Amino acid sequence: MPVGLLSLLFLIIVVVSAGGSREAEAERWANHDNQQTRSLTRELYPVRPTIEGWTTSGIFERAHPIDDETFRSVMILSNTTRRVLKAPDGITSLEGFYPNRSYTFTHTPRGGFSFYAPGPEDVDLTTAREATFAYTVLFPDGFEWVKGGKLPGFFGGTDFNNSLSCSGGRKATDCFSIRLMWRRGGMGEFYTYLPPFTVPGYEANEAQCHVPPYSECNPKYGNSIGRGAFNFASGERGTVAMRVLLNDAGVANGELELWYNEESVISLGGLIIRDSGKGRLRGLMMQTFFGGKGPPGQGRYLRPTI
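Throughout this document, residue positions are counted from 1 along each chain, in the order its sequence is written. Restriction of local features to residues with pLDDT of at least 70 applies here, the model being predicted, together with a cutoff of 80 or more for giving and counting side-chain atom pairs; totals for whole chains, interfaces and linings are based on all residues. Heavy atoms from the whole structure form the basis of all side-chain values; hydrogens and water molecules are not counted.

## Here's the deal with the pattern of salt bridges
Put simply, the rule reads: We define a salt bridge as a contact between a side-chain nitrogen of Lys or Arg and a carboxyl oxygen of Asp or Glu at a distance within 4 Å. Remark: exposure states derive from per-residue accessible area (1.4 Å probe, protein chains only) relative to the maximum for the residue type, with buried under 20%, exposed over 50%, and partly exposed in between. Helix and strand labels come from DSSP, where a helix needs a run of H or I of at least four residues and a strand needs a run of E of at least two; each type is numbered from the N terminus.
If you walk through the whole model with that rule in mind, you get eight salt bridges. Among the ionic pairs, Arg183 bridges to Glu189, the shortest N-O distance being 3.1 Å. You can call Arg183 buried: its relative accessible area is 17%. Taking the shortest distance from any N to any O, the salt bridge between Arg243 and Glu255 comes out at 2.7 Å. Taken together, the positions of Arg243 in strand E11 (residues 236–245) and Glu255 in strand E12 (residues 254–260) put the pair twelve residues apart, joining distant regions of the chain. On the accessibility criterion, Glu255 (28% relative accessible area) is partly exposed.

## Quick notes on the nonpolar core
Filter applied, for reference: Among the buried residues, those of types Ala, Val, Leu, Ile, Met, Phe, Trp, Tyr and Cys that are joined through side-chain atoms within 4.5 Å form a nonpolar core.
If you look at the biggest cluster of nonpolar residues, it comprises 44 residues, and the most contacted ones within it are Phe154, Trp182, Phe190, Phe232, Val240 and Ile273. Counting six residues, the second largest nonpolar core, distinct from the first, contains Cys166, Cys175, Met181 and Tyr193.

## Structural notes on the sheet that holds strand E8 (residues 175–183)
The condition is simple: Here, any two strands with at least 2 DSSP bridges between them count as paired. Helix axes are fitted only over the stretch in contact, all axes being lines through C-alpha atoms; the angle between N-to-C directions runs from 0 to 180 degrees.
Strand order in the open sheet formed by six strands is E5-E14-E7-E8-E9-E10, with antiparallel pairing between adjacent strands. The sheet is open, and its two edges are formed by strand E5 (113–117) and strand E10 (223–225), each paired on a single side. The average undirected angle you get between the axes of adjacent strands in this sheet is 20°.

## Some words on the environment of Gly238
Which entries qualify depends on this criterion: Contact definition: two residues touch when any of their heavy atoms are within 4.5 Å.
Take Gly238: it is sitting in strand E11. In contact with Gly238, not counting residues within four places along its chain, are Tyr135, Thr136, Val137, Tyr260 and Asn261.

## Quick word on the pairing of strand E9 (residues 188–193)
The element E9 is extensively covered by neighbouring structure, given that six of its six residues are classed as buried. On E9, burial covers both faces: Gly188, Phe190 and Thr192 on one face and Glu189, Tyr191 and Tyr193 on the other are all buried. Bridge count for E8 against E9 is six bridges, and the pairing is antiparallel. In the strand pairing of E9, Met181 is matched with Glu189. Taking the residues that link successive antiparallel strands as the turn, the E8-E9 hairpin has four residues, and the phi of Gly185 there is positive, at about 70°. Pairing of E9 with E10 involves three bridges; the strand directions are antiparallel. When the bridges of E10 are listed, Phe190 appears paired with Ile225.

## Let's talk about the state of the cysteines
Between two cysteines, a covalent bond joining their sulfur atoms is known as a disulfide. Condition: By convention in this document, the label disulfide applies to cysteine sulfur atom pairs within 2.5 Å.
Per the stated rule, a full pass over the model turns up two disulfides. Here Cys166 is linked by a disulfide to Cys175, with a sulfur-sulfur distance of 2.0 Å. Disulfide Cys166-Cys175: the torsion about the S-S bond is 75°, which places it as right-handed. Across the chain, the way the bonded cysteines pair up, counted in sequence order, is 1-2, 3-4.

## Points about the packing of aromatic side chains
Where we set the bar: To pair, rings of Phe, Tyr and Trp, with the six-membered ring standing in for Trp, must have centres within 6.5 Å; the planes then decide the type, stacked if under 30 degrees apart, edge-to-face if over 60, and tilted in the middle. Note on geometry: a ring has a charge over it if NZ (lysine) or CZ (arginine) is within 6 Å of the ring centre and within 35 degrees of the ring normal.
All told, the structure shown has 17 aromatic pairs when counted by the stated rule. Aromatic rings pair up to connect Phe139, Phe143, Trp145, Trp182, Phe230, Phe232 and Tyr260 into one cluster. Seen from the ring of Phe115, Arg82 lies directly overhead, with NZ or CZ sitting 4.8 Å from the centre.

What follows is the structure, encoded as structure tokens:
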């Protein structure tokens, strides 16, 4: 049975001001003579202009190294494997490894990895009302999807420490997390912890439960949004880009959108993502693990960009 490897290349775009050097650089690469570079740039930058951000992608100038100093990593889960190396397609990436029969972080052995990443100090994500986080994903030939697994996304809330809480079955109105998942057969989806629509004043968030082709609002755990709107493919690299627009305080006008290979596949609005003006995007929730019993020895690679 082949070892499974997953490679991710990350990009985060933070909308904080109009124009700027990062915008000009993105436009230059989006019109690059090399078709592959041009295509990747457009997939990673679906929202232009008005961007500021950081990247670890070597195709861009001033790319950051893939390390804990860049991420400013905190809450690093022990007894997991994180290595920076070249993926099978030659792209330098962050690898997470899933040992035989690993699933979730409460079982032994632990697979994947988990840490929280505010990112470089020169890009303050907490000032942004809108942000996009993009990465490429390489699942190798023979990757066993099993029941599914988590992929990285955003987290936020009224303060940094409190923002770490919205996952693992804890739902609240003062924090949120917005990640991705793969499911059986490679079906992709948003996986969200937003203020529960069962709480008075947050009824608008029931809109999550009706996104085609299939959505399920779990009363205890996270919500599966738009499952099957796209499919990850094994043996070839794909690009996902998630956009979050925070709602105005007290107004149901928050938005989520997801692109896969430059195509918008999930889009919904009218949401309450934060409960007040104190609610902010706080960083990247850098987690990956199998949600059910994992197959023998699988792994994955990641490469972050903001």
